[in-house]
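Commentary on secondary and tertiary structure
Residues per chain are reported as follows:
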Amino acid sequence: MKTVILCGGKGTRLREETEYRPKPMVPIGGRPVLWHIMKIYAHQGFKDFILCLGYKGEMIKDYFRNYLWHTCDTTLRLGPEPAVEFHTRHSEEDWTVTLADTGEETMTASRVRQIEKYLGNDDTFLLTYGDGVGNVDIPAVIRQHRASKKVCTVTAVHPPGRFGELALGKDNTVQGFNEKPQTEGGLINGGFMVCGREIFSYLPDDPRIMLEQEPMQRITAAGKLGAYLHEGFWQPMDTFYEFGLLNRLWSEGGAPWKIW
């Protein structure tokens, strides 16, 4: 089963980093957030990836084209018979990565529509965003999707709060401070979706359409959109604050999405 990752957005709310590189290449602990997402999937047995490229997609192509250069110690022999020796191994040697140019200004529905030809005979595929990490049980999402016979199953998550939460006591004395808690109320689509081939019948041939708008609304109206409730960790990287938060969790050895 192939994993499709949307990697084409401009990440305007993270302009400090994305002015110079695509959002999926913004690093956590020295590795792109895209690498972290792929590791989450690969650890659970899903190692065949299709990346929908757009804004500065050539940087993602370069990263994978030169993956050994980026990840291994190297010895170069110069002269008339040059040679390269890569010394260290990595656990990504059995990954397959398809890099698909889907247009710099294209919206998400068209990006997904364009990669149908790379799915082969698969009747189901995985789909997520290139900027969110979580300790999601992907096989469990697949099992629910298949049992429900929906067109698409999204992973429903509690959105993280945008600000620290204060607990006030008498005379407005702060009795508790919870930095960026997850909201207990509403749920949002956290990505980590499972889609049946039927989803392509809902995707118009129009680069201006967002998957999350008209297509998802039509699937919902047909009663064919399911949701898997994830109560564990989930965190997007939409802002510079969240970039710092994810890097701090990683550097402190407390990254909940590191399941590998």
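Note on numbering: residues in each chain are counted from 1, in written sequence order. Owing to the predicted nature of the model, reporting of local features is limited to residues with pLDDT of at least 70; listing and counting of side-chain atom pairs is limited to 80 or more, with chain, interface and lining totals taken over all residues. Only hydrogens and water are set aside when side-chain values are computed; all heavy atoms of the structure are taken into account.

The next point concerns the environment of Asp 123. Checked against the element boundaries, Asp 123 lands in the loop between α5 (108–114) and β8 (124–129). In contact with Asp 123, not counting residues within four places along its chain, are Cys 195, Gly 196 and Arg 197. Pairs of N or O atoms are called polar contacts if they sit within 3.5 Å, as long as, within protein, a hydrogen donor faces a hydrogen acceptor (for residues adjacent in sequence, only side-chain-to-side-chain pairs). Of the polar contacts made by the side chain of Asp 123, one reaches the side chain of Thr 124; its length is 3.1 Å. Starting at the N terminus, helices and strands are each numbered in turn, a helix being any DSSP run of H or I of at least four residues and a strand any DSSP run of E of at least two. Contacts between residues were defined by any pair of non-hydrogen atoms, one from each residue, lying within 4.5 Å.

So, on to the side chain of His 145. Looking at where His 145 falls in the secondary structure, it is placed in helix α6 (residues 138–148). When accessible area is computed with a 1.4 Å probe and restricted to protein chains, residues below 20% of their type maximum are described as buried, those above 50% as exposed, and intermediate ones as partly exposed. His 145 gets classed as buried once you look at its relative accessible area, which sits at 5%. Those residues in contact with His 145, other than ones at most four positions away along the chain, are Thr 124, Lys 150, Val 151, Cys 152, Thr 153, Val 194, Cys 195 and Gly 196.

Pairing of aromatic rings covers Phe, Tyr and Trp, the last counted by its six-membered ring, and requires centre-to-centre distances within 6.5 Å; plane angles under 30 degrees mean stacked, over 60 mean edge-to-face, and any other angle means tilted. Within the structure shown, the criterion is met by 12 aromatic pairs. Ring centres 6.2 Å apart and planes at 35° place the aromatic pair Trp 250 and Trp 260 in the tilted group. Of this pair, Trp 250 sits in helix α8 (residues 240–251) while Trp 260 sits in the segment after α8, placing them 10 residues apart in sequence. Since its relative accessible area comes to 24%, Trp 260 is described here as partly exposed. Aromatic rings pair up to connect Trp 35, Phe 233, Trp 250, Trp 257 and Trp 260 into one cluster. A ring has a charge above it when a Lys NZ or an Arg CZ is no more than 6 Å from the ring centre and no more than 35 degrees off the ring normal. Here the basic side chain of Arg 31 rests over the ring of Trp 35, its NZ or CZ set 4.5 Å away from the ring centre.

Now for the confidence of the model for the chain. The predictor attaches a confidence to each residue, and that confidence, scored 0 to 100, is pLDDT. Residues with a pLDDT of 70 or more make up 90% of the chain, whose mean pLDDT is 90. This stretch, residues 163–168, has a pLDDT under 50; its non-local contacts, to residues over four places away or in other chains, come to 20 contacts.

For α6, the set of buried residues is Ile 138, Ala 140, Val 141, Ile 142 and His 145. Positive backbone phi, at 60°, marks Lys 149, one or two positions downstream of α6.

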